[in-house]
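Per-entry structural report
Below, each chain spelled out in residue letters.
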Amino acid sequence: MSSETVARDEAGGGVKELAGKYLTFALADEEYGIGILKVREIIGLMEITAVPQTPTYVKGVINLRGRVIPVLELRIKFDMATQEYTDRTCIIVVEVDSGEGTIQVGMLVDSVSEVLNITAEEIEPPPSFGTANTEMSAILGMAKVKGDVKILLDANSVVGEGLLEKLSDI
Amino acid sequence: MAGEQMSVSQLLDDLAIKILVVEPGDLSAVGDLLEVAEQLLDNADVKGTAVLEKIVTAFKKVLEASIMGELSDSPENYDRLGQSVSMMQEVSRGAAGDGQAVCKLFKEIGYEIDPAEFGLEVSDAQDGGDGSWDDVDPDEIDTRFLADPELLTAFIEEAVEHLDSVESSILELEKSPGDSEVINSIFRSFHTVKGIASCTDLDRISNLAHATENLLEEVRNNRMVMDQAATDVVLAVCDRLERMVENVQEVFEKGLDCYKSYQVDDLVARVETVMAGQVTAPPTDEPPPVPEVAQAEAPAPAPVQAKVDLGSGDLPDFMQDADLVAGFIAEAFEHLEAIEVNVLDLEQAPDDMEIINNIFRPFHTVKGVSGFLNLTTINKLAHSTENLLDDVRNNKLTMSADIIDVVLGVGDYLRSMVQNLSDMLEHGPGAHKEFDISDWVRKVELLQAGGSLDGDAPSPSPEEPPPLAPAESPPVTEAVPVAPVVEPSVDPPPQPAPAKAAVPSPPTAKRAAPPKQKIGASIKVDVEKLDGLVNAVGELVIMQAMVQQNPLITAMSDPKLNKDFGQLSRITTELQKTAMSMRMVPIRQTFQKMTRLVRDLSKKSGKLVDLVMEGEETEIDRNMVDSIYDPLVHMMRNSVDHGVQKAAEREAVGKPGKGTVKLAAYHKGGNIIIEIHDDGQGLNTEKIRSKAIERGLMTATDNISDHEVNNLIFLPGFSTADQITDVSGRGVGMDVVKKGVDKLRGKCELISTPGEGTQFLMRLPLTLAIIDGIIVRVGQERYIIPTIAIQESMRPRAEHYNTVQGQGETLMVRDSLIPIIRLYHVFDVENSCTDITSGIVVVIENEGRHRALLVDELLGKQEVVIKSLGGYLKDIKGLAGGTILGDGRVGLILDLAGLIGASEAMGHPQLGHARGGVAGDAGMEGKEEVEA
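Calculation criteria
Residues numbered from 1 in each chain as written. Chains lettered and ligands numbered in written order. Predicted model: local features only at pLDDT ≥ 70, side-chain atom pairs only at ≥ 80, totals over all residues. Heavy atoms only, no water. Helix = DSSP H or I, 4+ residues; strand = E, 2+ residues; numbered from the N terminus. Buried < 20%, exposed > 50% of the residue type's maximum accessible area, 1.4 Å probe, protein only. Contact = heavy atoms within 4.5 Å. Buried area = accessible area lost by both parts, 1.4 Å probe. Salt bridge = Lys/Arg side-chain N within 4 Å of Asp/Glu carboxyl O. Pairing = 2+ DSSP bridges. Expected span 1.5 Å × (residues − 1). Phe/Tyr/Trp six-rings, centres within 6.5 Å; stacked < 30°, edge-to-face > 60°. Lys NZ or Arg CZ within 6 Å of the ring centre and 35° of its normal. Axes fitted to C-alpha atoms, helices over the stretch in contact; angles between N-to-C directions. Parallel < 35°, antiparallel > 145°, perpendicular 65-115°, else oblique. Left-handed = near helix turned anticlockwise from the far one by under 90°. Core = buried A, V, L, I, M, F, W, Y, C linked by side-chain atoms within 4.5 Å. pLDDT = per-residue confidence, 0-100. Patch = residues over 30% accessible without salt bridge, like charges linked within 9 Å, V, L, I, M, F, W, Y side chains within 5 Å. Areas by Shrake-Rupley, 256 points an atom, 1.4 Å probe, with all protein chains shown as cover. Lys, Arg positive; Asp, Glu negative; His and termini not counted. Charge placed at Lys NZ, Arg CZ, Asp CG, Glu CD. Polar contact = N/O pair within 3.5 Å; in protein donor to acceptor, adjacent residues only side chain to side chain. Arc of directions from axis to C-beta.

Some thoughts on the environment of N671(B)
All names here are of chain B. Looking at where N671 falls in the secondary structure, it is placed in strand β7 (residues 671-678). Given a relative accessible area of 15%, N671 falls into the buried group. Along the chain, N671 and I788 lie 117 residues apart, while their C-alpha atoms are 10.0 Å from each other. With sequence-adjacent residues up to four places away left out, N671 is seen in contact with Y666, R763, L764 and P765.

A word on the interface of chain A and chain B
Counting from both sides, the interface comprises 24 residues of chain A and, opposite them, 22 residues of chain B. With both sides pooled, the region where chain A packs onto chain B buries about 1900 Å², and carbon together with sulfur makes up 65% of that total. Three residues, P52(A), Q53(A) and V68(A), lead the burial of chain A against chain B; their summed loss comes to 30% of the area buried on that side. Remark: the boundary between chain A and chain B carries 1 salt bridge. Among the ionic pairs, R889(B) bridges to E47(A), the shortest N-O distance being 2.9 Å.

Topic: the pairing of strand β19 (residues 879-884) of chain B
With 5 of its 6 residues buried, β19(B) lies for the most part within the structure. Between β19(B) and strand β20 (residues 890-894) of chain B, which pair antiparallel one after the other, the connecting turn spans 5 residues, and G888(B) there sits at a positive phi close to 90 degrees.

Some thoughts on the environment of P126(A)
Assignment of secondary structure puts P126(A) in the loop between β9 (123-124) and β10 (139-145). When the C-alpha atoms of P126(A) and I139(A) are compared, they prove to be 6.3 Å apart, with 13 residues separating the residues in sequence.

Let's talk about helix α25 (residues 588-605) of chain B
Along an α-helix, a turn takes 3.6 residues, which lines up residues three or four apart on a common side. The terminal C-alpha atoms of α25(B) lie 26 Å apart, and with 18 residues this matches the ideal 26 Å at 1.5 Å per residue to within 8%. Backbone geometry just after α25(B) places G606(B) at a positive phi near 70 degrees.

Quick word on the packing of aromatic side chains
All names here are of chain A. Inspection of every chain in the model, using the stated rule, returns 4 aromatic pairs over all chains. A ring pair is formed by F25 and Y32, whose centres lie 5.8 Å apart and whose planes are at 15 degrees; its orientation type is stacked. Here F25 falls in the buried class, since its relative accessible area comes to 0%. Taken together through their ring pairs, the aromatic side chains of F25, Y32 and F78 make up a single cluster. Above the face of the Y57 ring, K77 is positioned so that its terminal group lies 5.1 Å from the ring centre.

Considering the pairing of β10(A)
Residues and elements named next belong to chain A. Across the 7 residues that make up β10, a large majority, 6, are buried. In this structure, β9 lies alongside β10, joined through 2 bridges in antiparallel fashion. Across the sheet, E124 pairs through a bridge with M142, a residue of β10. With 6 bridges connecting them, β10 and strand β11 (residues 148-153) associate as antiparallel partners. The partner of G141 across the bridge, within β11, is L152. In sequence, β10 turns back onto β11 through a hairpin of 2 residues, with K146 there showing a positive phi of about 45 degrees.

Some remarks on the sheet that holds strand β6 (residues 90-98) of chain A
All names here are of chain A. Strand order in the open sheet made by the 5 strands is β3-β6-β7-β5-β4, with mixed pairing throughout. Two strands bound the open sheet, and with one partner strand each, they are β3 (39-44) and β4 (58-64). The sheet shows a mean angle of 35 degrees between the axes of neighbouring strands, taken without regard to direction. Of the strand pairs in this sheet, β3 and β6 are connected by 5 bridges, and their pairing is antiparallel. Bridging from a neighbouring strand, E41 pairs with V93 of β6.

Examining the packing of helix α16 (residues 353-372) of chain B against helix α17 (residues 376-393) of chain B
All names here are of chain B. Where α16 contacts α17, the two axes come as close as 8 Å, and the packing angle between them is 155 degrees. On the basis of the axis angle, α16 is roughly antiparallel to α17. Here α16 runs over α17; the crossing is left-handed. Across the interface between the two elements, M353, I356, N357, I359, F360, F363, H364, V366, K367, S370 and G371 of α16 pack against I378, N379, A382, H383, T385, E386, L389, D390, V392 and R393 of α17.

Points about the nonpolar core
Ranked by internal contacts, the top residues of the largest apolar core, which has 74 residues, are F25(A) and L894(B). Considering every element that reaches this core, the biggest residue donor is strand β16 (residues 840-846) of chain B, with 5 residues. If we ignore the near neighbours within four places in the chain, the residues touching F25(A) are E30(A), E31(A), Y32(A), I34(A), L74(A), I92(A), M107(A), V109(A), S111(A), V112(A), S113(A) and L153(A). With 47 residues, the next largest nonpolar core counts C199(B), F363(B), F372(B) and A382(B) among its residues.

With respect to the confidence of the model for chain B
All names here are of chain B. In this model, chain B carries a mean pLDDT of 72, and residues with pLDDT of at least 70 account for 75%. Overall, residues 455-520 carries pLDDT values under 50, and its contacts beyond four positions in sequence, including any with other chains, amount to 128 contacts. Note on residues 909-932: pLDDT under 50 across the span, and 42 contacts to partners over four residues away in sequence or across chains. This complex was scored by the predictor with a pTM of 0.46 and an ipTM of 0.80.

A short note on the environment of V325(B)
Residue and element names in this part refer to chain B. Of note, V325 is situated in helix α15 (residues 322-348). Overall, the relative accessible area of 0% leaves V325 in the buried class. Once the C-alpha coordinates of V325 and V369 are considered, the two residues, 44 residues apart in sequence, prove to be 9.3 Å apart.

Some details on a negative patch on the surface
Residues and elements named next belong to chain B. Together, D26, D32, E35, E38 and D42 give the surface a local cluster of negative charge. One can find D26 in the loop between α1 (2-21) and α2 (27-42). The class for D26 is partly exposed, based on a relative accessible area of 30%.

Considerations on the side chain of E213(B)
Residues and elements named next belong to chain B. Within the secondary structure, E213 is located in helix α10 (residues 203-220). Judged by its relative accessible area of 0%, E213 is buried. A distance of 2.7 Å separates a polar atom in the side chain of E213 from a polar atom in the side chain of H191.

Overview of helix α31 (residues 734-743) of chain B
Residue and element names in this part refer to chain B. The complete set of buried residues in α31 reads M734, V737, K738, G740 and V741. Projection of α31 onto a plane perpendicular to its axis shows the buried side chains occupying an angular sector of 165 degrees, all on one side. Lining the buried residues of α31 we find α26 (622-643), β8 (747-753) and β9 (757-765). R745 lies just past α31 and shows a positive phi near 60 degrees.

Next up, the structure:
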């Protein structure tokens, strides 16, 4: 499953293709990276209108300059303990595929770190934990940069099409 | 002998068609052609006509040569061969045959014929295009171009536009010579001018444009450079063309007295000189720059051929020029619609020449443009129908029901062909479908020959275009023309209200003098741009409200500021209104489709029905046009099928034998009302009532008015055909109607009087983009309830509150028990008011169901711009979308059908906890209290 995801997202598969620029952000103690080409913008926390009948990780919708876009809280999505929002909490707006064209989705994260250029040598395939955790399918690979490990995410699986499939089950 | 002659012309026709569809490199097609040519040569009549034999022989030789690869197998050559077939046709009809033209034509192809063979004195076959004009008396005014004012208007409008753009492009080119983009645009302009001019029978303009186009073609293919001489000559051509077009316009507006005879030979020659001076190595298959000589010389060219030949030279594949094709598609749909409307009028007044002309002209236009675009099948079908109509026009034939049926059928068929074209444009050539027109052509020709149709010509209903293309389902006409461009203010040509067609004396005078269209009064705008504008204006209105509500601003009490704000909001409101109105189109087109439907339905059911239409000029959002079509069709069908009785039945109850169905549209209270009113038998209320009781929707003792009972038929699943159709009619597709109208956030209503008829009302919002809503607060959340669904709101009193078996809650509102939906419960909102008596209930109605929504507070009424929640959030039950509220936050708009569904699915698990409400926040104990 995970290799399929990689193949779909990165056209050709293999860790080599994953090299490139990543926006890294923090969730609890973990560092994540997301392909910079998917990122539209980073905005500070703003008032979120809760949308009923959605999974808990869908925090609601915001007004992004006249457009209404959904915001997901990644901590909840990844089954991590939630915490109070701080002034570093922000929303990364990514553009992902949905069934009908691209959509913009906000990802609520603890803080945004930096943009890293990650080379192919630094990337390892995602580890296998042998669990049935579906969230693992969103992991493209692990990057070791200056002793830190960044978890590279596939935006489409986290908030795009992949999510769509799950939502339709609800 | 006559039979033989017939077969020659048949063979020639066959040849003409085959040559049109042949493609370079398709040797088997060339083989077919060869076969026909040989058959011709074997024909006794051909042998007897020396000239014809010569041409056919030459034709055959050319084909052989191209199979052997001795001659170039280019589209241009096939065009010329097509022209030669035209000549053959003329000769076979008895024309003398113009040997000079034939020689020249074949010389162009690359096959030399000895002029002497024709026994004709040929002096300057090699000369350029000059000769062609010498044959035409320069002073003789050729008025053919005045035949079709619509086409001419379009021509003038477009030509002026193109010539303007050419001029500026050339000047641009002078600054940056060699810019291929600019050259292409100039080329395209000339190409278009040439094409439409030839369609409009403006040969000289077409010729001149064609010569220039040839020159530009060379430039485009880098065979020559755009030097000073070339630039000058193109500019000169441009000036001349402008003057000619101006003159055409003058003639069109003021009459023939203004006609000036412009010669183009000098310029054509100049263009050629420039070309000859530069073209370094003209490839063998390159046409000498002779503009359509054959066509000009031929006194009466076979129309199909001539039209096709004219513009096709550069369009081996008609999809090449997508702009032109798109334009054609939009136009063709309009014309086909006009045809349909006029044919239906004609049925009422079969002798009205003006109507026949009105039908003839669009066919003529469609034929012309399709020919120019190389759409041979469309061209052929339109052409043969045009011929048929021409005979009617010239009193050679009398209009008959057969002809009307066939013309309607052809119209439908053409429409499916054009639809396919549009599909191809959108989805690529893969969408191509084969259309077999031979059946229709045969019918048309049969009628033209004075015969009548064996058996009844199928008069297909709009949903079933004649399935002549076997194994392939032709595009359904229901996929109504979605033209890629919108014409916000161009009304279809004025048509007499078909309502009046029922009146014995149709207002012919009105038809006879269609007002002249103002040239340049409208522009075509991309729909996307328009939507963008409307959205931006929506944002502007919101932003203005946000600024105005800013606490800092409201704290200021500056009279100047207030005044300015007042002015600002007036301007934005005006802007919004204008932007909205640009998307509005008259409902006429949709209504006109109903005319056809009623005609077909009444024919099929053997009833006499008059359709009376009112308020066709009422404007609706163009995005709604498609969506109201289905509900309308169902309602009209119900009215005709089930409402109106058969003539005998009607007469038995003292009504006129002919039933009347009225279709009306008007504005009322910020809504558009569409009304369908029949004078039929009305609903069988008792039957519906018993059905409702049977289904447990009500009890026999319920005191429900007939009106309410009648409206039960809108309930989903309530009525299906086998349940009540047999007895009372109504019941087919009411669900579809209701759903369709709901989707548009409209409302349906039925008023039926037994024995007198049924009135069906559709109440629709003016636009889909904006919704009128009440903003309510629940906890910290705000929701918008569409005003149209709200019946009342109140602060409930404890004595009106009941529970049902501890499962549901109801509120007594004016003697009816209405289930309560606690919005905070369904939407899981925290910190909201749970006490019924301290909250507010809003009574809403949806699909006949009433519910009382418990909310904390009403915040106000506002028009909001609907936005999709985006991506995967858009299908949430109970939510129709979101909107940006005055403070910039997102508010959610309720979808009541979904909300009711969701609340029913959820049940009331927390009822015990929640309902403590009545006596305060009493929690579980509340339950006992209430039940006690």
